[in-house]
Structure formats: C-alpha cells, structure tokens
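Secondary and tertiary structure notes
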Amino acid sequence: MKGDVVLEAENITRYYKVERGSFQKPAILKALDGASFQLIKGKTLAVVGESGCGKSTLARLVTMIEKPTSGELKIAGVNIITADKKVLGDLHKKVQIVFQDPYGSLNPRQKIGHALEEPLLVNTTMGKKERRDAALNIINLVGLRPEYYDRYPHMFSGGQRQRIAVARALMLNPEIVVLDEPVSALDVSIQAQILNLIATLQEQFDLAYMFISHDLSVVKHIADEVMVMYLGKPIESGSRDTLFRKPHHPYTRALLSATPVADPFRTKERIVLRGELPSPIAPPAGCTFHPRCPSMTEICRDKPPEPYDIDGCMVACYHPKTY
Amino acid sequence: MTETTMQEGIEEGIIDSRPTGFMADLREFWSYFSENRGAVIGLFFFIAVVLIAVLANIIAPHLPNEQFRDALLQPPFWQTGGDARFLLGTDAIGRDMLSRLIYGSRYSLFIGCIVVSISLVVGVILGLMAGFFRGRVDTFIMRIMDVVLAFPSLLLALVLVAILGPSLINAMVAIAIVQQPHYVRLTRAAVMTEMTKDYVTAARVIGVKSLRLMFITILPNCMAPLIVQAALSFSTAILDAAALGFLGMGAQPPTPEWGTMLAEAREFILRAWWVVTFPGVAILTTVLAINLMGDGLRDALDPKLKRS
C-alpha cells in the first residue's frame, strides 16, 4: 500500500457485556474480534459483510463514539486509547460519519442551515457571518440550493437529506469520512447521484473513506480496497480488482456469486450458503465460518486460521481457492 | 464532475413547498385542534376564565372581602329574598359570592401556573439527566420518584403542608413535589427514545458537548408529551389546591380561594345551598375545560395520531 496513512487499526476488538438475568453470568458478545486495516488519503476502503458481522461496530470505533476493548487505533499517528482529552478533541474533528438512514440522522427541529453551522459553532470561534457563508458554500457544493438554508429536514426527499448529511460531515474539513451504508436506504436512481457526489468530494478534498456496505455492486463502483467481514473478523481483504476477479475465501466467493450481474449470457456459478449467521455470543470454535463452509475439513473446527498473503490479498482460510 | 452533480441536485427539484415558520406550524396545529369540538369549547372557556381573572377588579361588583352586615346568607337574586346587588347571593358574613368567585379565579390560575412551572422545570431537568446519563444517576433519580409515586398524592401533599405549615405557597410547593414524578418519567422515556436516533450520535461526532446535546439537541424533540402533561396537570393542581384548601391546609381564610370558600361554607350546606354549590361548580367547570383542552392538545401534538 502506498500514500499517506491517516488511520491505522491494529487488531482492534470490541466486546459487549450482555446481561442474561440475575441468575446467569453476563455473556460476552464479540461484536468485533480483531480487525486490522489502514485508511489512506484519497482512497476508499470498503467494508463488506452480512448483517451482524460487526460493520457498524467498526464504524462506531473509527468515529470514536466508542472505545475499542483492546488493540491499537491510531489516527494521524496518535493512539486514541492513550491520547489525552485535548488531543482527542482535535482528532474528533478529523473523523466524521454519514449514516444509513437519512430520516433519522437529521434533527427534525433544526433548520438545515443551523445543522450545518453547528459543527463550526461548537468547535471554532468563527463569527455568525463566516459560519453562514461556510454553510452556504457547502450547500452549493453538494448540489443543493441556497434557499434550503432556512428549511426543516421534513421538507426534503431522502436523496436531498443524504446530501445534507454529507455536507454536515464535511463542515469541519475532516480527513476521514465513515460512510455507514450511505446509499442503501435510497432509491436506485438516487444512489448513483449520491455515489457520484461522494466520489467528487473525495477527489476535491483528498478524503479517506471507509465505506460500509452490503451491496457489492456499489462497492465495486467506489472502492479501492475491500475488506470482507464475517462474524466480527475480517476474513479477506485486498485491492478491489484482485478481490473481485480472484476471490479466495469461500465466503467471499459465495457473496460475489449472490450479486446479480446484468449479463444474460454469462453462466454463473451460484454458491448457496446453508444455515444462519451464528450468534456472536457463542461463535463456533476454530474458523467461525466452518459450519456453513462448503470446503470444510477437520482442521477448520480446531484452530482459527490466521490471515496470510495470497496474491496481495490477506486471506484467513485453510482452503482458499487458488487461481 | 462537480457541475453534473450540482445539476442533478437541482433537478431533483423542490419536493415540498409548504410554507415554513411559526405561523404555518400554528395553522397546522389549529387544524388538528379544531377537529375536536370539546377541546375548542374547553379552550374558549379557559380563555374566558383567564379574562375574568385579569379583569377581576373591573368586572366584580364588590370587593372580595367587603362585608355587608345587612345581607347575611342572602340567596341568589332569582330566589325569594334575593337582592339584585348580590347576583349569586352572599355568604355567612355578608360577602358577595360572585365577587369572591371572580377574584378566586385569580388564585386558581396562579396555583396552576406556579405548580406547572415548578414541576415542569425540575421534572424536565431530572428526567433529562436520568435518560441521558443512565446508570447510577438514572437509578438514583427514578427510585426517589418511585417512592414519591408510592404515596397517595393528596396524602403526601397533606403531610408536606403539615411539615411546612399551612399556606397557599406551601400548598403549591407540596403539589409541585407530588406531581414531579410524572414529568420525570415522561421526560426520561422521551429522552431515551431520542437518544437511540442517529442525529444524536451525529451531534456527538460533530463534537457537541453533553449540556448542549441535552438541552438544545434532544429536549426540543421531547416537548409534545410534556406540553400535554402540563395542560392536564394544570387542572390537577387546581383540584389538589382546592382539596388542600378545603382541608384547611391550603390558602387561609379570608382568601377567596375556591377550595377554602367551600370549607368555610361547609356548615351551611343544608341551609344555604348557594354557598357550597357555586365554588364547586366553578372548580368543576374550570377543571373540565382544561382537561378537554388537554385532550385536544394531545390529538394535535401526538405524531402517532397525525395523518401525514
């Protein structure tokens, strides 16, 4: 990998305690169980996986809404676990987030203009006029009209709201933007517009994106690097082109085979996974994917596989498909 | 590239051209509120009571404590022996009932306002803290509120007044304390619902501090149920104050407070029906009007009942 690393995660985990009534010990839910990755200036890391695999937990850790249970998370070279409050405050400004649901992510009682100015109001000493100018500038940048400044969120469509959410994330000139399924709540025709907007802004501000999604066709469109997660662990990660062309891990291959391709003449190898995602409270021993894996053998049950390099991809599997 | 995205954004067009601002909100509110006829009647009655209270010294034919020694226990004017000077008759020491009732409305509204303000402000702050910080703060506040709720409310108010000493102010404080838990619970529940929403997380990521988050981001979104509760407990406050007055623990004679008037008239209940009936009717109609109005408010403010 090349370029400026703005965020580095080393084996970060996040466990939750789950109370199970007075007579049982609280269980440990391993929402995220050891993830390592880097975010690079101007590049997009896509995080892919089915519901409950820890994607959103990862987003909460990277945006510092929650602290990791263990591991190292460095933003701009500073470890956020050991950093003092003042430094942490500055780091907070560098990471912003865009949520999935544009209907829940805007305060219904706050005018758009005020929502955009709030980051400046609480973080900087800018005057009223400057803030207003900055807000109007960004409104223009995300393709909205200046007269929207005085409107309430309920007057906008989903796509427009998502533009506003993107605009708000950019108000503090962040270096990293976490996009937590930013288009999955939108109409397909609007999805493309928002994706284009996101791509344009990345170019313009040299942003590092962490793009969380379960839609592989969207990921293929926007990502530079892809990380596939299963039950709190990244199982395969690598550059988009290698990963989409030569998926090694059986789970990645199953995911890719489930994506519809608009080509009626292509014969498709359809891998159907059986069973459900196991509970993260009691994950299967060994490789967590083994109960659903088509190429499972004895060793998969005993020992979790360590990720290792195959053609530039980090794969955690004993039986990867080789090309 | 920038050009095209901008273009696309504008072509999406204005989805909603409804007018904004306070007047539009008010108009929408009225359209829901006016569907409920009882609520409108209640509102007009309440406005009338407010006007009577404000203009008491112009409307009232006499002063509330002015005694007419020649007219003790005079019946209302339409009964034999009635006097046109005293439209609703006089009480045992010759004070004009109508004037006392008119001045009494001032006390009732005053009690309602003060009690609601105290319990609303304190309740909102405690509820916000409980819902926002959760954990130990939450447990501590809510258990205290549960203890307060465990007492029959009037009994607790009586005990408090007995400790503080009987007076109108102390009665109001006691009633405010008794009503507190309802506000705390309501606020806490609303805050907990709002806390799970993404906009709160977004505000955190932006760097909004706790205090601003509580009062500026979350609180305005919790106001609808609180307004309804405030309207309904306004009437409870009047009722409780009247009950305390009746038991001799609220406003002290010769204050023309409705409950106190009832208490003073107790011994004449068989001889002179008007001295007990009119204060009772005054309390009844005012409380009824406010309750009807509160129901209308709930219909108008509860988003679950709204047709979009």
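Preceding this section is the structure that the text describes.
First, a word on what this report is: a plain description of the structure on this page. (Residues numbered from 1 in each chain as written. Chains lettered and ligands numbered in written order. Predicted model: local features only at pLDDT ≥ 70, side-chain atom pairs only at ≥ 80, totals over all residues. Heavy atoms only, no water.)

Counting its secondary structure elements, chain A contains 10 helices and 12 strands. The C-alpha atoms of chain A give a radius of gyration of 21 Å, which matches the 20 Å a tight globule of 323 residues would have. Projected onto the principal axes, the alpha-carbon positions of chain A cover approximately 70 × 55 × 45 Å. For chain A, the proportion of its 323 residues judged to be buried stands at 51%. Summing over all exposed atoms, chain A offers an accessible surface of approximately 15100 Å²; the carbon and sulfur share of this is 51%. Here chain A contributes 41 positive and 36 negative side-chain charges, whose respective centroids are spaced 3 Å apart. (Helix = DSSP H or I, 4+ residues; strand = E, 2+ residues; numbered from the N terminus. Rg over C-alpha atoms; globule rule 2.2 N^0.38 Å. Buried < 20%, exposed > 50% of the residue type's maximum accessible area, 1.4 Å probe, protein only. Areas by Shrake-Rupley, 256 points an atom, 1.4 Å probe, with all protein chains shown as cover. Lys, Arg positive; Asp, Glu negative; His and termini not counted. Charge placed at Lys NZ, Arg CZ, Asp CG, Glu CD.)

With that settled, the discussion passes to the packing of aromatic side chains. Per the stated rule, a full pass over the model turns up 13 aromatic pairs over all chains. Arranged with centres 5.4 Å apart and planes meeting at 85 degrees, the rings of Phe77 of chain B and Trp78 of chain B form a pair that is edge-to-face. An aromatic cluster is present here, built from Phe77, Trp78, Trp273, Trp274 and Phe278 of chain B joined pairwise through their rings. Here the guanidinium or amino end of Arg132 of chain A rests over the ring plane of Tyr149 of chain A, the centre of that ring lying 4.2 Å away. For Arg266 of chain B, the ring lying beneath its charged end belongs to Phe246 of chain B, and the centroid distance is 5.1 Å. (Phe/Tyr/Trp six-rings, centres within 6.5 Å; stacked < 30°, edge-to-face > 60°. Lys NZ or Arg CZ within 6 Å of the ring centre and 35° of its normal.)

In this section: the nonpolar core. Phe33, Met97, Leu101, Phe234 and Val275 of chain B are the most contacted members of the largest nonpolar core, which totals 58 residues. Those residues within four positions of Val275 of chain B in sequence are excluded, and the remaining contacts are Leu73, Thr90, Asp91, Met97, Ala265 and Phe268 of chain B. By size, the runner-up hydrophobic cluster in this structure holds 37 residues, among which are Leu120, Val183, Ile194 and Ile198 of chain A. (Core = buried A, V, L, I, M, F, W, Y, C linked by side-chain atoms within 4.5 Å. Contact = heavy atoms within 4.5 Å.)

In this section: the sheet that holds strand E8 (residues 208-213) of chain A. Strand pairing in a sheet takes place through backbone hydrogen bonds and is either antiparallel or parallel in direction. All names here are of chain A. In spatial order, the strands read E6-E7-E8-E3-E9-E10-E12-E11; together these eight strands make up an open sheet with mixed pairing. The open sheet has two edge strands, strand E6 (95-98) and strand E11 (308-310), and neither has a second partner. The average undirected angle you get between the axes of adjacent strands in this sheet is 20 degrees. Bridging between strand E3 (residues 44-48) and E8 involves five bridges; their strand directions are parallel. Note that in E8 the partner of Thr44 across the bridge is Tyr209. Across the sheet, helix H6 (residues 188-205) touches E3, strand E7 (176-180) and E8, and the angle it forms with E8 is around 160 degrees. (Pairing = 2+ DSSP bridges. Axes fitted to C-alpha atoms, helices over the stretch in contact; angles between N-to-C directions.)

Residues and elements named next belong to chain B. Per the counting criterion, the structure on display carries 23 salt bridges over all chains. Measuring nitrogen to oxygen at the nearest pair gives 3.3 Å for the salt bridge that ties Arg85 to Asp70. In this pair, Arg85 sits in the loop between helix H4 (56-59) and helix H5 (97-133) while Asp70 sits in the loop between H4 and H5, placing the two residues 15 residues apart along the sequence. You can call Asp70 exposed: its relative accessible area is 60%. One salt bridge connects Asp138 with Arg134, and the closest N-O pair in it is separated by 3.2 Å. (Salt bridge = Lys/Arg side-chain N within 4 Å of Asp/Glu carboxyl O.)

Turning our eyes to something else, we now look at the environment of Cys113 of chain B. By secondary structure assignment, the location of Cys113 of chain B is in helix H5. Separated by 121 residues in sequence, Cys113 of chain B and Phe234 of chain B place their C-alpha atoms 7.0 Å apart.

The next thing to look at is the pairing of E7 of chain A. Residue and element names in this part refer to chain A. Of all five residues in E7, five are buried, a share of seventy percent or more. Residue alternation in E7 divides its side chains into two sets, Ile176, Val178 and Asp180 and Val177 and Leu179, and both sets are buried. Bridge count for E6 against E7 is four bridges, and the pairing is parallel. Opposite Gln96, over in E7, you have Val177 as the bridge partner. Inspection of the sheet shows E7 paired to E8 by five bridges, in the parallel sense. Residue Asp180 lies in a different strand from E8, and its bridge partner there is Ile212. In this view, the connection linking E7 to its parallel neighbour E8 by way of H6 has right-handed handedness. (Right-handed = clockwise from strand over helix to strand, strands pointing away.)

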